[in-house]
Protein chains: 2
Amino acid sequence: MSSRELVIGFDADDTLWHNETIFENVHARYRDMLAHYHDAATVDRTLFATEMRNLEPYGYGVKGFMLSAVETAIELSASKISADEIRRLLELGREMLAHPVDLLDGVAETLASLAITHRLLIITKGDLRDQERKLAKSGIAQHFRHVEIVSEKNESAYVTILRRHSIAPEDFLMVGNSLKSDIVPVLALGGAAAHVPYPLTWAYEQVDVLPPSEGRFFEIKSVREIPPLLARLAR
Amino acid sequence: MSSRELVIGFDADDTLWHNETIFENVHARYRDMLAHYHDAATVDRTLFATEMRNLEPYGYGVKGFMLSAVETAIELSASKISADEIRRLLELGREMLAHPVDLLDGVAETLASLAITHRLLIITKGDLRDQERKLAKSGIAQHFRHVEIVSEKNESAYVTILRRHSIAPEDFLMVGNSLKSDIVPVLALGGAAAHVPYPLTWAYEQVDVLPPSEGRFFEIKSVREIPPLLARLAR
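Residues numbered from 1 in each chain as written. Chains lettered and ligands numbered in written order. Predicted model: local features only at pLDDT ≥ 70, side-chain atom pairs only at ≥ 80, totals over all residues. Heavy atoms only, no water.

A pair of packed helices is captured by two measures, namely the crossing angle of their axes and the spacing between those axes. Residues and elements named next belong to chain A. Here helix H1 (residues 20-33) crosses helix H2 (residues 40-53) at 120°, and the two axes come no closer than 9 Å. Comparing the axis directions of H1 and H2 gives the class oblique. Considering the relative orientation of H1 and H2, their crossing is right-handed. Touching His27, Tyr30 and Arg31 of H1 are Ala40, Val43, Asp44 and Leu47, all from H2. (Axes fitted to C-alpha atoms, helices over the stretch in contact; angles between N-to-C directions. Helix = DSSP H or I, 4+ residues; strand = E, 2+ residues; numbered from the N terminus. Parallel < 35°, antiparallel > 145°, perpendicular 65-115°, else oblique. Left-handed = near helix turned anticlockwise from the far one by under 90°. Contact = heavy atoms within 4.5 Å.)

Looking now at the interface of chain B and chain A. With 34 residues of chain B at the interface, the matching set in chain A holds 34 residues. Interface area for chain B against chain A, summed over the two sides, is near 3,100 Å², with a carbon-plus-sulfur share of 56%. Inspection of the region where chain B meets chain A yields 5 salt bridges. Residue Glu56(A) is joined to Arg133(B) by a salt bridge in which the shortest nitrogen-to-oxygen separation is 3.4 Å. Summed over the shared surface of chain B and chain A, the result is 20 residue pairs in polar contact (both at pLDDT 80 or more). Within the side of chain B that touches chain A, the residues separate by chemical class into 16 nonpolar, 6 polar and 12 charged. (Buried area = accessible area lost by both parts, 1.4 Å probe. Salt bridge = Lys/Arg side-chain N within 4 Å of Asp/Glu carboxyl O. Polar contact = N/O pair within 3.5 Å; in protein donor to acceptor, adjacent residues only side chain to side chain. Nonpolar A, V, L, I, M, F, W, Y, C, P; charged D, E, K, R; others polar.)

Confidence in the prediction for chain A averages 93 pLDDT; 98% of positions are at 70 or higher. Highest mean pLDDT in chain A belongs to strand E1 (residues 7-10) of chain A (98); lowest belongs to helix H10 (residues 226-234) of chain A (90). (pLDDT = per-residue confidence, 0-100.)

Turning to the domain arrangement of chain A, a few remarks are in order. Reports often express the size of an interface as the amount of accessible area lost when the parts come together. All names here are of chain A. Taken domain by domain, chain A consists of domain 1 (3-17 + 101-234) and domain 2 (20-98). Just the C-alpha atoms count here: the centres of domain 1 and domain 2 sit 29 Å apart. Facing the 14 residues of domain 1 at the interface are 12 residues of domain 2. For the domain 1 and domain 2 pair, buried surface summed over both sides reaches about 1,200 Å², with 61% attributable to carbon and sulfur atoms. Here domain 1 and domain 2 share 1 salt bridge between them. Residue Lys63 is joined to Asp127 by a salt bridge in which the shortest nitrogen-to-oxygen separation is 3.1 Å. For the pair domain 1 and domain 2, the number of links is 5 residue pairs in polar contact (both at pLDDT 80 or more). The biggest single contributor to the side of domain 1 that touches domain 2 is helix H7 (residues 128-138), with 3 residues. (Domains from an automatic or database assignment.)

All names here are of chain A. A two-sided burial pattern is seen for E1, the buried positions comprising Val7 and Gly9 on one face and Ile8 and Phe10 on the other. Pairing of E1 with strand E2 (residues 119-125), which is carried by 4 bridges, proceeds in the parallel orientation. In the strand pairing of E2, Gly9 is matched with Leu121. (Buried < 20%, exposed > 50% of the residue type's maximum accessible area, 1.4 Å probe, protein only. Pairing = 2+ DSSP bridges.)

This part is about the pairing of strand E5 (residues 192-195) of chain A. The side chains of a regular strand alternate, first on one face of the sheet and then on the other. Residue and element names in this part refer to chain A. Here E5 shows two buried faces, one formed by Ala192 and Ala194 and the other by Ala193 and His195. The sheet contact formed by strand E4 (residues 172-176) and E5 spans 4 bridges and is parallel. Within the sheet, the bridge partner assigned to Val175 lies in E5 and is Ala194. The parallel pair E4 and E5 is bridged by helix H9 (residues 179-188), and the resulting crossover is right-handed. Sheet topology places E5 next to strand E6 (residues 217-219); 3 bridges connect them, and they run parallel. Residue Ala193 lies in a different strand from E6, and its bridge partner there is Phe217. (Right-handed = clockwise from strand over helix to strand, strands pointing away.)

Further remarks concern the pattern of salt bridges. It is possible for side chains of opposite charge to pair when their charged atoms get near one another. One pass over the structure, following the stated rule, counts 35 salt bridges over all chains. The residue Glu24(B) makes a salt bridge to Arg31(B) at a minimum N-O spacing of 3.9 Å. Glu24(B) gets classed as partly exposed once you look at its relative accessible area, which sits at 29%. Across the pair Arg53(B) and Glu71(B) runs a salt bridge whose closest N-O atoms are separated by 2.7 Å. In this pair, Arg53(B) is assigned in helix H2 (residues 40-53) and Glu71(B) in helix H4 (residues 62-76), connecting sequence segments 18 residues apart. Given a relative accessible area of 46%, Arg53(B) falls into the partly exposed group. Among the ionic contacts, a cluster of salt bridges with common partners joins Asp13(A), Asp130(A), Arg133(A), Lys134(A) and Glu56(B).

What follows deals with unusual backbone geometry. Positive phi values are uncommon outside glycine, yet Ala78(A) reaches one of about 50°. Ala78(A) sits in the exposed class, given a relative accessible area of 52%.

Once chain B is rotated about the relating axis by 180° and shifted along it by 0.0 Å, it coincides with chain A to within an RMSD of 0.0 Å. The transformation just described matches what one would write down for a two-fold rotation axis. Looking at chain B, 100% of its interface residues are interface residues in chain A too, so the copies touch through the same face. (Least-squares fit on C-alpha atoms with pLDDT ≥ 70 in both.)

To continue, consider the packing of H1(A) against helix H4 (residues 62-76) of chain A. All names here are of chain A. With their axes 13 Å apart at the nearest point, H1 and H4 run at an angle of 15° to one another. One element, H1, and the other, H4, form an angle in the roughly parallel class. Crossing angle aside, the handedness with which H1 passes H4 is right-handed. Every residue of H4 that contacts H1 at Phe23, Val26, His27 and Tyr30 is listed here: Val62, Phe65, Ala69, Thr72 and Ala73. Within the contact of H1 with H4, the residues separate by chemical class into 7 nonpolar, 2 polar and no charged.

All names here are of chain B. Tracing the backbone through its elements, the reader meets Glu51 in helix H2. On the basis of relative accessibility, which here comes to 11%, the residue Glu51 falls in the buried class. For Glu51, the residues in contact, after removing those within four places along its chain, are Phe65, Ser68 and Trp202.

Turning our eyes to something else, we now look at the sheet that holds strand E3 (residues 146-150) of chain B. Residue and element names in this part refer to chain B. An order of E3-E2-E1-E4-E5-E6 is seen for the 6 strands of this open sheet, with the pairing classed as parallel. In this open sheet, the two edge strands, each paired with only one partner strand, are E3 and strand E6 (217-219). Strand-to-strand, the axes of this sheet are offset by a mean angle of 20°, without reference to chain direction. In this sheet, strand E4 (residues 172-176) lies alongside strand E1 (residues 7-10) in parallel orientation, the contact comprising 4 bridges. In the sheet register, Gly9 faces E4, and the bridge partner there is Met174.

Structure, rendered in structure tokens:
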């Protein structure tokens, strides 16, 4: 694989900008709100169970999270939670949607330089409007040739995207923080993948086993390591 | 413009399948739920005002509608609405998401025949997951070469889509029930547009003025009128 011809796909949330920290902060306030009904561990466990149950109807993103949070609060309070408390929950959701976009360290400079030599894509899942808004606020939108927002990042979603842009899997490097959504499906298709772990990972995104990757899988600490990685691949 | 080369774009909700009727049914149950607080007109007006205020953060679709419906119920009940009533509202939302897809009269046959002679696209706005699910349930997905789900159907969205598929505006016919989202932007770009009114129109989608269209605008009663329209255009 020649580094010059590589197309590089980037996940967005927790790869280019902070996201899980915003959810963690909201989780903490949510636990406080429900503290007189249940302990933190029960709140977390029940909310996660509601989110998993609602993943099929709601999909990913802040709006589905908020609907699940309201539902869980009613359940955990045995319907005693007040309308004013629910209103505060809805406000918390709108705060999340209005949150400034906070780029990860090194992202701005690294992408500006990579965009000169490579075709860059964003491939992200979640809510269409919320992801578009974050990209618009990020200040780095101009570096990406295409932006693909999909409802699920599985093998078939990557096949569709790579075909649409006439990219052979062996010419594709995906960069992201989620083994499940960014790494496993791309390795399975014969592409390369660089995993940049984020300090927090949503329980849903964790996986234990990687497909065979024969030198196509890389573990990096920051997107700053991508240019030297490309140089190494080109040799 | 030659009919053979025309690419035909279809809106989905209320053009291919019923949607506003589902919302109307939920509106009726919502008015009943709040009837001991306010009259129907006040409920409708306040809900619409909340939806408009939340359009920027939430975008289109059932999840944003549900969040706005919960918020409005709290407001209209002066925070007296119970957690159980809010839970029933959330259930109403999940029923909407699970609702069967009910094709409009003539859609199945007309699309099956148009797909033989023309490239067909779906161009729809709203929630990514919900629109994908409806298309999968519709039984007509195989007739469409591409499906574009966007957060807003304005001129710039159509420019992006037509460019992506290398379609010249003069070779494009858009079919849809919304003058605002399906007709006005396409006429403005120099494309053709066929308006198929649906018995119900969401207040937000109403417009008063059409751009100059010099024989490129058609008012039809059903998608069944598209094949004869194409024959007429080809003459």
